[in-house]
Amino acid sequence: MTTEFAPGLLLIIGAIPVPFIRGKARSIYMLALPILGILQLTTLDPGAFGIVSTLGFEQIHARIDKLSLLFGYIFYIAAFLGILFAWHNNDRLEQATSLVYIGAAIGAVFAGDLITLFFYWELAAIAAIFLIWSGRTKRAYRAGFRCLIIYMLSGVLLLTGIGIKAIETGSVAFEHIGLDSPGGIFILLAFGIKCAFPLLHNWLQDAYPEASVTGTVFLSAFTTKLAVYALARGYAGTEILIWIGVAMTAFPIFYAVIENDLRRVLAYSLNNQLGFMVAGIGIGTTLAINGAVSHAFAHIIYKSLLFMSMGAVLYRTGTIKGSELGGLYKTMPWTAGFCIIGGASISAFPLFSGFVTKSMILTAAAESGYIIPFLVLLFASAGVFHHSGIKIPFFAFFAHDSGKRPREAPANMLLAMGLAAFLCIGIGVYPDPLYAILPFPVDYTPYTPTHVVTTLQLLLFSGLAFATLQRSGLYPPELRSTVLDFDFSYRWIAPRLVGWIMNGGGLVWTQLTNIFLQMVRSLTTLVFSYFGPSGLLSRTWPTGSMVLWAAVLLGLTLVLYY
Amino acid sequence: MDDKHGDKIAEEQESGKQYWLDDMRNVHKIFWALIFVCTALFLADALYEKHVVYEFENWFGFFGLFGFFGSFALVLIARELRKFLMRKEDYYDH
């Protein structure tokens, strides 16, 4: 019966005793949970269990197939790496929340119907907000609230979509959804918010860099990749996703070049990487879907690694601003080395993990005849190397010497980074085990002379451009700044618009009251002119004329009667 | 352990320890090595048969030139964007 236990619940229920366990035992306990989780996944047979019927809808608590298992495995691996990285952490709220968060994400991946998905989706959202607040600064608090509102919007859209779909089809099964019904559009928007589609993206860059050193590592792995999973399940082959994905790969890299907060640079590059996956899902061929989900798998590891290395820098120096860092390789050589491995992986250098996964998406785009998307993805690939592969390590560890001489990262952080780096190289050198667990059979060879040489040309010439720009002084220096993005609309315009309406409304109200009072005043004057002491109708009339008028009236009545 | 680290740093600063990259000549060496590798990669196009989908991918050195000019444009455009998008660090804080 142990296998009949929905995979995510292990961590959610496992989080309950966390606040009560003291000292190292707590870290050991937490680290054991994802190992147990992986062991549980290996015992599961394809199929579904935990099936109940509510209100005539069949709910499936756990659906085991290749796609859900792939994400289940990588989520547990990311959980293990994150917990190891946070070994030193004593924030029990953050620790318990991170387990609930990961558990909810895993639960959502295995959800076989949309109602169960919605439940876990929301639980993950709420837990994520608490992780953002783990930064325990005013900025984190505010960013968490902004994020909460956007997540709530995603939840409302999802529920609306599920409702419409349930009425139309009489089923809440989580299979291919598509855009044929309005319900599908609502659900796509809900997924799109969590996947950081263009213009729906800004919560990611706003909130993630505000979380704690360890919180951001957790956050980077789950919410957005859960959305990628949901898109792969529900919208494979939906053509509009190609263009959305392509836009996502291209525009964040401009921001990544000029952003100063290095964890925010990573958030922009995360957004760019999601674009590759979304485009792959949109193309929808078996090669493209394999590419998209395997890229999600590789991405979770190298992105965690990059966030861990920047987290270690923040932990040791107290800052993560490019303008205040530099020269750290002198005292943090291991962290620098691991960061470079993460950078090489995200840039898709041959022998690193990104190469064996991303190249599938690019090949699929080219072979399916999407020439413009292919070129944009190529441009974005060069750009990734530029800002993640070079800029991150360069400005943190090299560049001008900041004079900072922090100690090397603590042993647990180095161990977590080392393990992640090992996996990045492992997948890159020997991709077969990853290829074996992909949803579709893999008929693809990443290491051909054409792939290797063209990739190296693209990347190293991009590196040459960086070096040339640096040496000629054309490269924009790291400056302490805020860069306006779409959040400008709700952090600057919207509050002012509301303020203006409130103020303007006040003005209009005054105007309206004035006009009304004016009208009342003129009416009073008018009435006064007739009925006032000197008015026509209030003069004293002689009694005789009164009698005369009475006689006239009586006379008229008489004439009228006869 | 903190003291140990501090002592080590102080010692290094006193002795004026130079790291390999502190010498600008070594930075130049890396740059020239990069140019050498890029040239070799550019010429490598002549040495093997490319298997690609589109004709333009077959142009000699296409990927190298695309990577170079693409990145160059990326940085220069981003640099210009700063003029419109960059604000003070505490822009949203009040």
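Please read these numbers as outputs of a predicted model, since none were measured by experiment. (Residues numbered from 1 in each chain as written. Chains lettered and ligands numbered in written order. Predicted model: local features only at pLDDT ≥ 70, side-chain atom pairs only at ≥ 80, totals over all residues.)

Q: Mind showing me how you'd approach the overall build of chain B here?
A: When helices and strands are tallied, chain B shows 3 helices and 1 strand. A globule of 94 residues ought to have a C-alpha radius of gyration of about 12 Å, yet chain B, at 23 Å, is considerably larger. Dimensions of chain B, computed from C-alpha atoms along their principal axes, come out at roughly 65 × 45 × 25 Å. For chain B, the residues scored as buried account for 14% of the 94 residues in total. (Helix = DSSP H or I, 4+ residues; strand = E, 2+ residues; numbered from the N terminus. Rg over C-alpha atoms; globule rule 2.2 N^0.38 Å. Buried ≥ 20, exposed ≤ 12 C-beta atoms within 10 Å, placed from the backbone.)

Q: Could you clarify how one ought to interpret the overall build of chain A in this entry?
A: Each helix and strand in chain A was counted, giving 20 helices and 3 strands. At 32 Å, chain A has a C-alpha radius of gyration far larger than the 24 Å of a compact globule built from 562 residues. Principal-axis analysis of the C-alpha atoms places the extent of chain A at approximately 125 × 65 × 60 Å. The buried share among the 562 residues of chain A stands at 54%. In chain A, once contacts between residues fewer than 6 apart in sequence are set aside, the share between residues at least 24 apart is 81%. (Contact = placed C-beta atoms within 7 Å.)

Q: Would you mind showing me how to read the domain arrangement of chain A here?
A: For interface size, the figure often reported is the accessible area lost on association. All names here are of chain A. When cut into domains, chain A gives domain 1 (1-179 + 190-203), domain 2 (236-481) and domain 3 (492-561). Summarising the inter-unit geometry, the C-alpha centres of domain 1 and domain 2 are found 25 Å apart. Counting residues at the interface gives 20 residues for domain 1, matched by 24 residues for domain 2. By residue class, the composition of the side of domain 1 that touches domain 2 is 14 nonpolar, 5 polar and 1 charged. (Domains from an automatic or database assignment. Nonpolar A, V, L, I, M, F, W, Y, C, P; charged D, E, K, R; others polar.)

Q: Which parts of the structure should I look at to understand helix H9 (residues 213-234) of chain A?
A: Each full turn of the α-helix corresponds to 3.6 residues, which orients residues three or four apart in the same direction. Taking 1.5 Å per residue as the helical rise, H9(A) with its 22 residues ought to reach 32 Å, and the 34 Å between its terminal C-alpha atoms agrees with that figure. Of all bends in H9(A), the biggest is about 30°, found at Leu219(A). (Expected span 1.5 Å × (residues − 1). Bend = angle between axes of the 7 residues up to and from the residue.)

Q: Just to check I follow, could you spell out helix H13 (residues 333-346) of chain A for this structure?
A: All names here are of chain A. For H13, with 14 residues, the first-to-last C-alpha span of 20 Å sits near the 20 Å given by 1.5 Å per residue. Elements that come into contact with the buried residues of H13 comprise helix H11 (262-283), helix H12 (286-317), helix H14 (353-367), helix H15 (371-397) and helix H16 (411-429). Residue Ala348 follows H13 closely and has a positive phi angle near 65°.

Q: Teacher, can you tell me more about the pairing of strand E1 (residues 47-54) of chain A here?
A: Residue and element names in this part refer to chain A. Across the 8 residues of E1, 0 count as buried, placing the element largely on the outside. Bridging between E1 and strand E2 (residues 57-64) involves 7 bridges; their strand directions are antiparallel. Residue pairing for E2: Phe49 is matched across the bridge by Ala62. Connecting the antiparallel pair E1 and E2 is a turn made up of 2 residues, with Leu55 showing a positive phi of about 50°. (Pairing = 2+ DSSP bridges.)

Q: Would you mind showing me how to read the nonpolar core here?
A: Where a protein is soluble and globular, its nonpolar side chains tend to be buried together. All names here are of chain A. Ranked by size, the top nonpolar core spans 199 residues in total, and within it Phe75, Tyr101, Ala105, Ala124, Leu231 and Leu305 carry the most contacts. With 19 residues, H12 is the largest single contributor of residues to this core. Filtering out sequence-adjacent residues up to four positions away, Ala105 remains in contact with Phe75, Ala124, Phe222 and Leu226. (Core = buried A, V, L, I, M, F, W, Y, C linked by C-beta atoms within 7 Å.)

Q: Whenever I open this one, the interface of chain A and chain B confuses me. Can you help?
A: Across the contact, 43 residues belong to chain A and 40 residues belong to chain B. Looking at the side of chain A that touches chain B, the elements that each hand over two or more residues are helix H10 (240-258), H14, H15, helix H18 (449-471) and strand E3 (482-483) of chain A. Among the elements that line the side of chain A that touches chain B, the one with the most residues is H18(A), at 18 residues. Looking at side-chain class alone, the side of chain A that touches chain B contains 26 nonpolar, 10 polar and 7 charged residues. Pairing of E3(A) with strand E1 (residues 86-87) of chain B involves 2 bridges; the strand directions are antiparallel.

Q: Is there a simple way to think about the packing of H10(A) against helix H3 (residues 62-85) of chain B in this case?
A: Two quantities define a packed helix pair, namely the angle between the axes and the distance from one axis to the other. Between H10(A) and H3(B), the shortest axis-to-axis distance is 9 Å and the interhelical angle comes to 70°. Relative to H3(B), the element H10(A) lies roughly perpendicular. Note on element contacts: H3(B) touches H10(A) through Leu74(B), Val75(B), Ile77(B), Ala78(B), Leu81(B) and Arg82(B), opposite Ile253(A), Phe254(A), Val257(A) and Ile258(A). (Axes fitted to C-alpha atoms, helices over the stretch in contact; angles between N-to-C directions. Parallel < 35°, antiparallel > 145°, perpendicular 65-115°, else oblique.)

Q: How should I be thinking about unusual backbone geometry in this particular structure?
A: Keep in mind that most residues, glycine aside, have a negative phi and that most peptide bonds are trans. Residues and elements named next belong to chain A. Of note, Arg136 is a non-glycine position whose phi angle comes to about 55°, a positive value. On the secondary structure map, Arg136 appears in the loop between helix H5 (114-133) and helix H6 (138-169). Its identity as a non-glycine residue notwithstanding, Ala399 has a phi of 50°, on the positive side. Tracing the backbone shows Ala399 in the loop between H15 and H16. Here Ala399 falls in the partly exposed class, since 18 other C-beta atoms lie within 10 Å of it.

Q: Sorry, what's going on with the packing of helix H2 (residues 23-43) of chain A against helix H3 (residues 66-85) of chain A here?
A: All names here are of chain A. Contact geometry of H2 with H3 gives a least axis separation of 9 Å together with a crossing angle of 165°. Our classification of the angle between H2 and H3 gives roughly antiparallel. Helix-helix and strand crossings are classified by hand; for H2 and H3 the assignment is left-handed. Within the contact between the two elements, H2 uses Met30, Leu31, Pro34, Ile35, Gly37, Ile38 and Leu41 and H3 uses Leu69, Gly72, Tyr73, Tyr76, Ala79, Phe80, Ile83 and Leu84. Class assignment of the residues belonging to the contact of H2 with H3 gives a composition of 13 nonpolar, 2 polar and no charged. (Left-handed = near helix turned anticlockwise from the far one by under 90°.)

Q: For this particular structure, what's the right way to read the environment of Phe251(A)?
A: Assignment of secondary structure puts Phe251(A) in helix H10. Taking C-alpha positions, Phe251(A) is 9.3 Å from Asn271(A), a pair spaced 20 residues apart along the chain.

Q: Would you mind going over the confidence of the model for chain B with me for this structure?
A: All names here are of chain B. Chain-level statistics for chain B give a pLDDT mean of 86 and a share of 91% at 70 or above. Within chain B, helix H1 (residues 2-15) has the poorest average pLDDT of any element, 70, and H3 the best, 94. We note a pTM of 0.88 for the whole complex and an ipTM of 0.89 for its interfaces. (pLDDT = per-residue confidence, 0-100.)

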